[in-house]
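# Fold and contact review
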Amino acid sequence: MSKVLVLGGGFAGVEAAIYLRKQELDVTLVSERDYFYIYPTSIWIPTGEVTKEDVSVPLDKIAFKHGFKLIIDPVVSFEAKEKRVTLESGRVLDDYAYIVVALGQDKMKHKGMEHTLSICGKPEEAEELYKRLDALVLKDSGKIAMGFGGNPKDSSAVRGGPAFEVLFNVHNFLKNKGIRENFELTFFAPMEKPGQKMGDKALVMMDKMFGMTNIKKKVGTKITEFIEDGILFEDGEKIVSDLTMFISAGTGHSILAESGLPLSAAGFVVTNKYNEIEGFEGIYAIGDSASLMGPEWRAKQGHVAEVMAKNTAYNIAMKIQNIDSKYSYEEHLNILCVMDTGNGAAFVYRDNKGGKMIPMPIIGHWMKKGWGWYCRNSKLGKIPRIPGM
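In this report, we go over the structure that sits alongside the text.

Reading guide: rules and limits
- Residues numbered from 1 in each chain as written.
- Predicted model: local features only at pLDDT ≥ 70, side-chain atom pairs only at ≥ 80, totals over all residues.
- Heavy atoms only, no water.
- Core = buried A, V, L, I, M, F, W, Y, C linked by side-chain atoms within 4.5 Å.
- Buried < 20%, exposed > 50% of the residue type's maximum accessible area, 1.4 Å probe, protein only.
- Contact = heavy atoms within 4.5 Å.
- Pairing = 2+ DSSP bridges.
- Helix = DSSP H or I, 4+ residues; strand = E, 2+ residues; numbered from the N terminus.
- Axes fitted to C-alpha atoms, helices over the stretch in contact; angles between N-to-C directions.
- Salt bridge = Lys/Arg side-chain N within 4 Å of Asp/Glu carboxyl O.

Taken as a class, soluble globular proteins show a tendency for nonpolar side chains to be buried jointly. Counting 85 residues, the largest nonpolar core has Leu20, Phe36, Ile62, Ile144, Phe164 and Met206 as its most contacted members. Sequence-distant contacts of Leu20, defined by excluding residues within four places in its chain, comprise Val4, Val6, Leu25, Val27, Val100, Ala313 and Ile316. In terms of nonpolar packing, the next biggest core, distinct from the first, is built from 22 residues, Leu5, Leu7, Val75 and Phe280 among them.

Taken in spatial order, the five strands make up an open sheet running S5-S2-S1-S9-S19, and their pairing is parallel. Looking at the sheet topology across the chains shown, the edges are occupied by strand S5 (69-72) and strand S19 (283-285). Geometrically, the sheet is characterised by an average inter-axis angle of 15° between neighbouring strands, direction not taken into account. With five bridges joining them, strand S1 (residues 3-7) and strand S2 (residues 26-31) adopt parallel strand pairing. When the sheet's bridge partners are listed, Leu7 is paired in S2 with Val30. Of the strands in this sheet, S2 and S5 are in contact with helix H2 (residues 59-66), which crosses S5 at around 160°.

On to the pairing of strand S22 (residues 354-361). As paired strands, strand S21 (residues 344-351) and S22 are joined by eight bridges and run antiparallel to one another. In the sheet register, Val348 faces S22, and the bridge partner there is Met357. From the end of S21 to the start of S22, which pair antiparallel, there are two residues.

Next up on the list: the pattern of salt bridges. Scanning the model with the defined rule gives 22 salt bridges in all. The closest approach of N and O atoms between Lys69 and Asp26, which form a salt bridge, is 2.6 Å. You can see Lys69 sitting in strand S5 and its partner Asp26 sitting in strand S2, a full 43 residues away along the chain. Linking Glu306 and Arg385 is a salt bridge whose minimum nitrogen-to-oxygen distance equals 3.9 Å. With Glu306 in helix H7 (residues 302-320) and Arg385 in the segment after helix H8 (363-379), this residue pair connects regions lying 79 residues apart in the sequence.

Quick look at the pairing of S21 now. Most of S21 is tucked away, with six of its eight residues classed as buried. Two strands pair when backbone bridges link them, and strand S20 (residues 335-340) and S21 are joined in this way by six bridges, in the antiparallel orientation. Bridge assignment links Cys337 to a residue of S21, and that residue is Val348. In sequence, S20 turns back onto S21 through a hairpin of three residues, with Gly342 there showing a positive phi of about 95°.

So, on to the sheet that holds strand S17 (residues 243-247). Spatially, four strands are ordered S13-S12-S11-S17 in an open sheet, and the strand pairing comes out parallel. Sheet topology places strand S13 (216-219) and S17 at the edges, where each strand pairs with a single neighbour. The sheet shows a mean angle of 15° between the axes of neighbouring strands, direction not considered. In terms of strand pairing, strand S11 (residues 142-148) meets S17 through five bridges, oriented parallel. The partner of Phe148 across the bridge, within S17, is Ile247.

Have a look at this one:
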């Protein structure tokens, strides 16, 4: 039986391990964490609606259910030509015919980042956001700024949606406590039209939402520095903030920088549409580790990462059997999400034909809650997978 090594325990890595096992291959997954973290539902940690444990699924339970081997040990180096992986413990893995790289991405560094927290960073940061927000609630007033940045070398590596979600959830959280008028909420981003990937109609709707919720906006100016009590901008303006959440854009994973693999200008692994890497037989890159091909509005999202994972499992199985058949991720490129607001949500969809944003008061919030339940239980094999989800 051919042996496959999957590097990374996120959406792409876990999905790859599950579907490689469906192809009856010998699969080992390496992860730095012992749990699968459901980032899309971690948006409710800052407001105390869920805990870290609620959005974490033990990897050993997923591995046991699907029959893949599991190693909890961070990767410290990957020598692609030699197919050699070295782990933090000193253990070396070098006897795998196929390697699937799903290590995710690193975050772009900005001056003063230590003064910010991210909902898309380490899970502990989400817990710290909860503590900091709770302290401001006890104080009964405060100034909160939340935003995201971009990567000029790769427009797909932006995480804008979660910033909007946490911001609107905090608004409704404070409103429900009857203290919203005591807080100043500000959204910020360096680009002229943050959220433009969703389409022009969505931008109009977002502006309406900012107006209705009395959330200030600072966009179109480069961030120069984060400081203890706020954010400084290139135009000389300062946003005073007691709590700053900033989702930095993605950049290539540091482990891959020294791997010998071909990388894009932003540091992501260059693949073809089948997630194969030219000149590296048996090595594939998926999810946030891969340089995403496609139109300017393309975005690295979980559902695209999972499509890549399923396709790669199929492509490896076909290659082993010498069958000339491959699946591409190109036709699955779209932006698809339910953007939660705490008291509802908006259904967001974008493809080559354009974008749409459909308000879903009340029910949208519970739809996203339901998706979180589905994600956990389908990964654990307790309920069937729904095609396309």
